[in-house]
Amino acid sequence: QVQLVESGGGLVQAGGSLRLSCAASGRTFSNYYMGWFRQAPGKEREFVAAIRWSGGSTSYADSVKGRFTISRDNAKNTVYLQMNSLKPEDTAVYYCAARLLLNEYKYWGQGTQVTVSS
């Protein structure tokens, strides 16, 4: 059974940084994409960033390009989202997700709250 557990959220001032972690377990993820999504109050969930576990290719939403970096640690089976130059509009619950190549995201974590104060 796939399990994704996020951590690292919190309260930070605008311009600050946070690093989110997503510990993945339950299977080998070499054929998976790992993604970060977020959902702000009253808004739909939106894509933030993704990484292909094998090879490490990445993609980002335009709103976070140049500020956020997604990475993975194979030894720890963990995916990270380094968030720099945070803005109040980055405030949301951030979710880790996993999908097989060519499939939709099927596995989701419980989410971690990120609040950026102005």
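Values in this document were obtained by computation on a predicted structure and should not be read as measured data.

Novice: Any chance you could explain the overall build of the protein here in plain terms?
Specialist: On a plain count of helices and strands, the protein comes out with zero helices and eleven strands. Relative to its length of 118 residues, the protein is compact, with a C-alpha radius of gyration of 13 Å against a globular reference of 13 Å. A buried classification covers 42% of the 118 residues belonging to the protein. Once local pairs closer than 6 in sequence are excluded, the contacts in the protein between residues at least 24 apart make up 54%. Total accessible area on the protein is roughly 6300 Å²; 45% of this is exposed by carbon and sulfur atoms. Both charge centroids of the protein, one from 13 positive and one from 8 negative side chains, sit 7 Å from each other.

Novice: Would you explain the sheet that holds strand S1 (residues 3–7) in this entry?
Specialist: In a beta sheet, neighbouring strands pair by backbone hydrogen bonds and run either parallel or antiparallel. Sheet architecture is open: four strands sit in the order S1-S3-S8-S7, paired in antiparallel fashion. Edge positions in the open sheet fall to S1 and strand S7 (68–73), since each of these has one partner strand only. Between one strand axis and the next, the sheet turns by 15° as a mean value, whatever way the strands run. Pairing analysis gives five bridges linking S1 to strand S3 (residues 18–25), with the strands arranged antiparallel. Of the residues in S3, the one forming a bridge with Val5 is Ala23.

Novice: When you look at the state of the cysteines in this model, what are you seeing that I'm missing?
Specialist: By definition, a disulfide links the sulfur atoms of two cysteines through a covalent bond. Tallied over the entire structure, the rule returns one disulfide. A sulfur-sulfur distance of 2.0 Å marks the disulfide that ties Cys22 to Cys96. Between Cys22 and Cys96, the disulfide has an S-S torsion of -75° and is therefore left-handed. One end of the pair, Cys22, is in strand S3; the other, Cys96, is in strand S9 (residues 92–100), and 74 residues separate them in sequence. Considered together, Cys22 and Cys96 belong to a single accessibility category, that of buried residues.

Novice: I would appreciate a short explanation of the pairing of S3 in the present structure.
Specialist: If a strand is regular, its side chains alternate between the two faces of the sheet. Pairing analysis gives six bridges linking S3 to strand S8 (residues 78–83), with the strands arranged antiparallel. If you follow Ala23 over to S8, its bridge partner there is Thr78.

Novice: Looking at this model, I keep getting lost on the nonpolar core. Mind explaining?
Specialist: Within soluble globular proteins, side chains that are nonpolar generally end up buried alongside one another. Membership of the largest hydrophobic core comes to 31 residues, with the highest contact counts inside it found for Leu4, Met34, Trp36, Leu81, Met83 and Tyr94. Elements with a contribution of two residues or more to this core: S3, strand S4 (32–39), strand S5 (46–52), S7, S8, S9 and strand S11 (112–117).

Calculation criteria
- Each chain carries its own residue numbering, running from 1 in the written order of its sequence.
- The predicted origin of the model limits local features to residues at a pLDDT of at least 70 and limits the giving and counting of side-chain atom pairs to 80 or more, whereas totals for whole chains, interfaces and linings rest on all residues.
- Hydrogen atoms and water are omitted, and side-chain values are computed over all heavy atoms in the structure.
- Under the scheme used here, helices are H or I runs from DSSP no shorter than 4 residues and strands are E runs no shorter than 2 residues, and both carry numbers assigned from the N terminus.
- Restricting the calculation to C-alpha atoms gives the radius of gyration, and the globule rule supplies 2.2 Å times the number of residues raised to the power 0.38.
- Buried means the residue's accessible area, taken with a 1.4 Å probe over protein chains only, is under 20% of the maximum for its type, while exposed means over 50%, and partly exposed covers the values in between.
- Any pair of residues with heavy atoms lying within 4.5 Å of one another is described as a contacting pair.
- We get accessible surface area from the Shrake-Rupley algorithm with a probe of 1.4 Å; when it comes to residues, only the shown protein chains can shield them.
- Positive charge is attributed to Lys and Arg, negative charge to Asp and Glu, and no charge count is given to His or to the chain ends.
- To locate a charge, take atom NZ for lysine, CZ for arginine, CG for aspartate or CD for glutamate.
- Whether two strands pair depends on DSSP finding at least two bridges between them.
- Here an angle of 0 to 180 degrees is reported between the N-to-C directions of two axes, which are lines fitted to C-alpha atoms, with helices fitted over the stretch in contact.
- We call a pair of cysteine sulfur atoms a disulfide when they lie within 2.5 Å.
- Throughout this description, the term nonpolar core refers to a set of buried Ala, Val, Leu, Ile, Met, Phe, Trp, Tyr and Cys residues connected via side-chain atoms within 4.5 Å.

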